[in-house]
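Listed here are the chains, written in short residue letters.
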Amino acid sequence: MDKVFRAVIFFVLTVIVTGAILCAPIMYRGYQMYAAAIKETPIEKKVEEIRGDNTYVLLDQISEDFRNGIIQSEDKRFRFHIGIDPLAILRAVKNDLIAGSFVEGGSTITQQLAKNMYFDFDKNFERKIAEVFMAFRLEWEYSKDELLELYLNCIYFGENCYGIKEASDHYYGVDPEHLSEDQSASLVYTIKCPNLYNPNAI
């Protein structure tokens, strides 16, 4: 029994060490990508740029239905995680392995904000690692409400609409705080694939 137990422990440790060795270069390159992005444009400056846009709206100027719908759809544990959601990542990895390609990202709202602020949308491991480092930094420096507010002001809604104010005005001719429950639900759905699911395309 002791031999079997030792063999299992040895196998598990071997897998962990091998995984760490294989992942180390990717982790390092991802960190370098994150560090280079921060060096080129500090987070504070990026946030300033977003907040300085004339379409920027505060969180309490956005329909509660829309705010709640976004969290429910995009990141149910947004209020509780520290930038990444391990459960969502495990689910995404499982589905990606089954599909044999990237079909699900497992990204939190904070990671999506990091991607919108700094990175392109290419699906590669280094960029995902950089995104994680950036998400941790954002969570450290800003409150959940600030992160959600920034996210809602920069996400893409299709038809050249960036941010909830442009989207609500373009599709419905109303300010974000006046979005109805149905309008909010439609715009939340739009996030999934803005060019296919926006209110004018459905």
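Look up: the structure comes first, before these words.
Note that the coordinates shown come from a computational prediction; the quantities given were computed from them, not determined experimentally.

Quick look at the overall build of the chain
Logical step 1: When helices and strands are tallied, the chain shows 10 helices and 0 strands.
Logical step 2: Burial analysis of the chain (202 residues in total) assigns 40% to the buried set.
Logical step 3: Residue pairs in contact within the chain that sit at least 24 positions apart in sequence constitute 64% of those at least 6 positions apart.
Logical step 4: Working note: accessible area of the chain is about 12,100 Å², and carbon and sulfur atoms make up 60% of it.

Structural notes on the environment of Asn160
Logical step 1: Within the fold, Asn160 resides in the loop between helix H7 (144–152) and helix H8 (164–172).
Logical step 2: Spatially, the C-alpha atom of Asn160 lies 9.6 Å from that of His170, the residues being 10 residues apart in sequence.

A few points about the nonpolar core
Logical step 1: Within the largest apolar cluster, 40 residues are counted, with the highest numbers of intra-cluster contacts made by Met134, Leu152 and Phe157.
Logical step 2: Only helix H1 (2–40), helix H2 (43–51), helix H3 (64–74), helix H5 (109–118), helix H6 (125–141), H7, H8 and helix H9 (181–190) provide two or more residues apiece to this core.
Logical step 3: Those residues within four positions of Phe157 in sequence are excluded, and the remaining contacts are Phe66, Gly163, Ile164, Ala167, Tyr171, Leu187, Thr190, Ile191, Pro194 and Asn198.

What to know about the packing of aromatic side chains
Logical step 1: Within this structure, the stated rule accounts for 7 aromatic pairs.
Logical step 2: The interplanar angle of 25 degrees and the centroid separation of 5.7 Å between the aromatic rings of Tyr34 and Phe133 together place this pair among those described as stacked. Within this pair, whereas Tyr34 is found in helix H1, its partner Phe133 is found in helix H6, the two being separated by 99 residues in sequence.
Logical step 3: In this structure Tyr34 comes out as buried when scored by relative accessible area, which is 10%.
Logical step 4: Among the aromatic residues, those joined into a cluster by ring pairs are Tyr31, Tyr34 and Phe133.
Logical step 5: Residue placement shows Lys46 over the ring face of Tyr118; its charged tip is 5.2 Å from the ring centre.
Logical step 6: Here the guanidinium or amino end of Lys144 rests over the ring plane of Phe78, the centre of that ring lying 4.7 Å away.

Conventions we followed
Residues numbered from 1 in each chain as written. Predicted model: local features only at pLDDT ≥ 70, side-chain atom pairs only at ≥ 80, totals over all residues. Heavy atoms only, no water. Helix = DSSP H or I, 4+ residues; strand = E, 2+ residues; numbered from the N terminus. Buried < 20%, exposed > 50% of the residue type's maximum accessible area, 1.4 Å probe, protein only. Contact = heavy atoms within 4.5 Å. Areas by Shrake-Rupley, 256 points an atom, 1.4 Å probe, with all protein chains shown as cover. Core = buried A, V, L, I, M, F, W, Y, C linked by side-chain atoms within 4.5 Å. Phe/Tyr/Trp six-rings, centres within 6.5 Å; stacked < 30°, edge-to-face > 60°. Lys NZ or Arg CZ within 6 Å of the ring centre and 35° of its normal.

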